[in-house]
Amino acid sequence: MKVTLVGAGPGDPGLLTVKGRRALERADVVVYDRLVSPAVLELIPASARRIDVGKEASHHPVPQERINQILLEEAQAGHSVVRLKGGDPFVFGRGGEELLALARAGVDFEEIPGVTSAVAAAAYGGIPVTHRDFASSLHIITGHAREGAALEINFEALVRAGGTLAFLMGVTALPAIVQGLLDAGMDRDTPAAMVERGTLPGQRRCLGTLGTLRERAADMGIRSPALIIVGGVCSLAEELCWFERLPLHGKRILVTRPAGRGGTLSEKLRDRGAEVVEFPCVRTEPVLPCPEMERALECAGGYEWLGFTSAAGVEAFWQCLRGMGKDARALGGVKLAAIGAGTGRALEERGLHPDLIPAVYDASHMGRALAEAAGGKVLLLRAEEGSPALTEALEAAGVSFDDIAAYRTIYGGSPPDGLREQLTAGCFDYVTFTSASTVRGLVSAVGEDGDFSRFLGLCIGEQTAGEAGKYGISVRVAERASIDALAELAVRESGGEP
Ligand code: SAH
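So, a few notes on the structure that sits alongside this text.

Each value, and the rule that gives it
Residues numbered from 1 in each chain as written. Predicted model: local features only at pLDDT ≥ 70, side-chain atom pairs only at ≥ 80, totals over all residues. Heavy atoms only, no water. Buried < 20%, exposed > 50% of the residue type's maximum accessible area, 1.4 Å probe, protein only. Helix = DSSP H or I, 4+ residues; strand = E, 2+ residues; numbered from the N terminus. Pairing = 2+ DSSP bridges. Right-handed = clockwise from strand over helix to strand, strands pointing away. Axes fitted to C-alpha atoms, helices over the stretch in contact; angles between N-to-C directions. Contact = heavy atoms within 4.5 Å. Near = heavy atom within 4 Å. Polar contact = N/O pair within 3.5 Å; in protein donor to acceptor, adjacent residues only side chain to side chain. Areas by Shrake-Rupley, 256 points an atom, 1.4 Å probe, with all protein chains shown as cover. Nonpolar A, V, L, I, M, F, W, Y, C, P; charged D, E, K, R; others polar. Salt bridge = Lys/Arg side-chain N within 4 Å of Asp/Glu carboxyl O. Parallel < 35°, antiparallel > 145°, perpendicular 65-115°, else oblique.

**Notes on the pairing of strand β18 (residues 456-459)**
Residues L456 and L458 point to one face of β18 and G457 and C459 to the other, with burial holding for every one of them. As paired elements, strand β17 (residues 430-433) and β18 share four bridges and run parallel to each other. When the bridges of β18 are listed, Y430 appears paired with L456. As for the winding sense of the linkage, the β-α-β connection from β17 through helix α16 (residues 436-446) to β18 is right-handed. The sheet contact formed by β18 and strand β19 (residues 474-477) spans four bridges and is parallel. Its bridge partner being in β19, L458 is matched across the sheet by R476. In this fold, β18 hands off to helix α17 (residues 462-469), which returns the chain to β19; that crossover is right-handed.

**Points about the sheet that holds β19**
Spatial strand order, β14-β13-β15-β16-β12-β11-β17-β18-β19: nine strands in an open sheet with mixed pairing. Unpaired on one side and paired on the other, β14 (335-338) and β19 mark the two borders of the sheet. Strand-to-strand twist in this sheet, taken as the mean axis angle between neighbours without regard to direction, amounts to 25 degrees. Looking at chain direction, strand β13 (residues 305-308) and strand β15 (residues 378-383) are connected through four bridges and run parallel. For G307, the partnering residue across the bridge sits in β15 and is L380. Relative to the sheet, α16 contacts β11 (252-258), β12 (275-286), β16 (401-411) and β17, its axis offset from that of β12 by approximately 105 degrees.

**A word on the site of the ligand**
Around the ligand, the structure places 19 residues, and the nearest of them are V91, T116, S117, G198 and A226. Within the contact set of the ligand, an oxygen atom lies 2.7 Å away from a side-chain nitrogen or oxygen of T116. At 2.7 Å, a side-chain N or O of S117 approaches an oxygen atom of the ligand. Its free accessible area being 550 Å², the ligand has 94% of it covered by the protein chains. Counting residues per element, the ones that place at least two in the shell around the ligand are α5 (117-124) and β10 (226-230). Residue classes in the shell around the ligand are distributed as 11 nonpolar, six polar and two charged.

**Brief notes about the side chain of S364**
Relative to the helices and strands, S364 resides in helix α13 (residues 363-373). Judged by relative accessible area, S364 falls into the buried class, the value being 17%. In this structure, S364 is in contact with A389, A393 and Q463, ignoring residues within four places of it in sequence.

**Some details on the sheet that holds strand β5 (residues 108-112)**
Ordered by their spatial adjacency, five strands build an open sheet running β3-β2-β4-β1-β5, and the pairing between neighbours is parallel. The strands lining the two open edges of the sheet, one partner per strand, are β3 (49-52) and β5. With strand direction ignored, the average angle separating the axes of adjacent strands in the sheet is 20 degrees. Bridge count for strand β2 (residues 29-32) against strand β4 (residues 81-85) is four bridges, and the pairing is parallel. Within β4, the position partnered with V31 by the bridge is R83.

**Notes on the pattern of salt bridges**
Side chains carrying opposite charge are able to pair once their charged atoms draw close together. For the structure on display, the rule yields 31 salt bridges. The partner of R83 in a salt bridge is E98, and the shortest N-O contact between them spans 2.8 Å. Of this pair, R83 sits in strand β4 while E98 sits in helix α4 (residues 95-104), and the two are 15 residues apart along the sequence. Judged by its relative accessible area of 0%, R83 falls in the buried class. Here the salt bridges do not stand alone but share partners, grouping D33, R83, K85 and E98 into one network.

**Structural notes on the pairing of β2**
Burial along β2 is two-sided: the face carrying V29 and V31 and the face carrying V30 and Y32 are both buried. Where β2 and β3 come together, four bridges link them in parallel fashion. Its bridge partner lying in β3, Y32 is registered against D52.

**Some words on the packing of helix α10 (residues 291-298) against helix α11 (residues 311-323)**
Packing of α10 against α11 leaves a shortest axis separation of 10 Å and a crossing angle of 75 degrees. Compared by their axis directions, α10 and α11 come out roughly perpendicular. From α10, M293, E294 and L297 reach across to α11, where they touch A316, F317, C320 and L321. When grouped by side-chain class, the residues that make up the contact of α10 with α11 number six nonpolar, no polar and one charged.

**Things to note about unusual backbone geometry**
In this chain, S224 is followed by P225 through a cis amide linkage whose omega measures 0 degrees. With respect to the secondary-structure elements, P225 resides in the loop between α8 (213-220) and β10. The backbone of F92 sits at a positive phi, close to 50 degrees, despite the residue not being glycine. Of note in this structure, R197 is not a glycine but carries a positive phi near 50 degrees. With respect to the helices and strands, the residue R197 is situated in the loop between β8 (191-196) and β9 (204-209). We classify R197 as partly exposed; its relative accessible area is 36%.

This is how it looks when you write it as structure tokens:
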């Protein structure tokens, strides 16, 4: 089989290429390095085996020869292998060495370039690596010396060339790099910068000049991975700063969500600069077989309205209907109600247009809207423990209905490592909840005796907030029950303008 060498980009998962992502989705085995960010690792399909060959600067857990051997063995065993490397694999990534070993062993391979940190960390730091007024060349240099040896850098040539200098792996050697440039005649006042953890939520910038950079970096405690940039372009960094000004920069948010769904909220929060940790903490499972639903659908014409309170309900209904060998025509003239836009979309995807969506997306508004619209009987296909607010509204209005459990919710999921401890330590600024069941999912994963007091719960609606309140979570509620409103709430809470 084949080995595909994929550049994972500098950290922001949005900077993985489309082609690289496609290769990841098809992989049987993924062999990855320390520099690949967790958000990119999240994109590895659950079915793929992961092999971590991450290297630490001083102790090398997996030597290069062994990595080459792993790639060979996995490919020869017939697996589709992705070798995932930070940034671009050919920019100080030893990608060439790995491919040579494969080529010589007659194993097929392919290379998908990545966005190198040499350019991207600078860009997220507000530094264009070239600019007509400042630099007409870019030099990418390693600041890593072979063990025990001095730096092998021709500082005179670099200074003479007059371009932008980007040093990778240069944190330890920073004093020697600065001294080398000064000794070669570079002006002390040449603008210089460092970008630590570039493109990642915890990015920090250290701005100065060649003369001041060492001291400033030491004061700020800049650590690897960081990019050192030297040259006139660094003088633009204040004016072009954008990433660290994003409204959620520096915020760490736990996004709880149903398994197999979501992702859009995370994306919206990441686009606004947040560090997002996803936790699929609830899963739904259609009640199958469901004789009760089958009976109801057999004589669907006896109902005036069919009501759905989630996309999972629509899915369960559709599976049941298809299992009976029927399709949408079985519904005839039955009218359709959906609790909100997402549920409405699930219907539209199956060629069914909702006749009613309440103005406020929650169970009690849905109940009231249905009660007002209904003259005949209502069929509700929803969760096993659906909210009583819906049926209470129908009862109060004297509307007759059947309430059938179409799916059940399974709580807990597989939480991120050390979630309980992270919550106790106050590692999350916010936790988002898009339904009462996500609150229960978090609580069941962490344990009821967990510490829920150290973060703010951002809730999609009042019922969700009510559930969160039971566990002592301080809550804020979105203005509307939508993902966009939830993202806006996060921005407002952190003091920004949505
Ligand atoms: N192949 C990688 C570079 C590997 S060498 C690439 O193309 O980006 C490792 C060095 O890359 C680190 O020491 C650091 O200098 C730089 N680096 C990698 N990721 C970085 C990041 N997110 N921010 C700043 N520098 C980074």
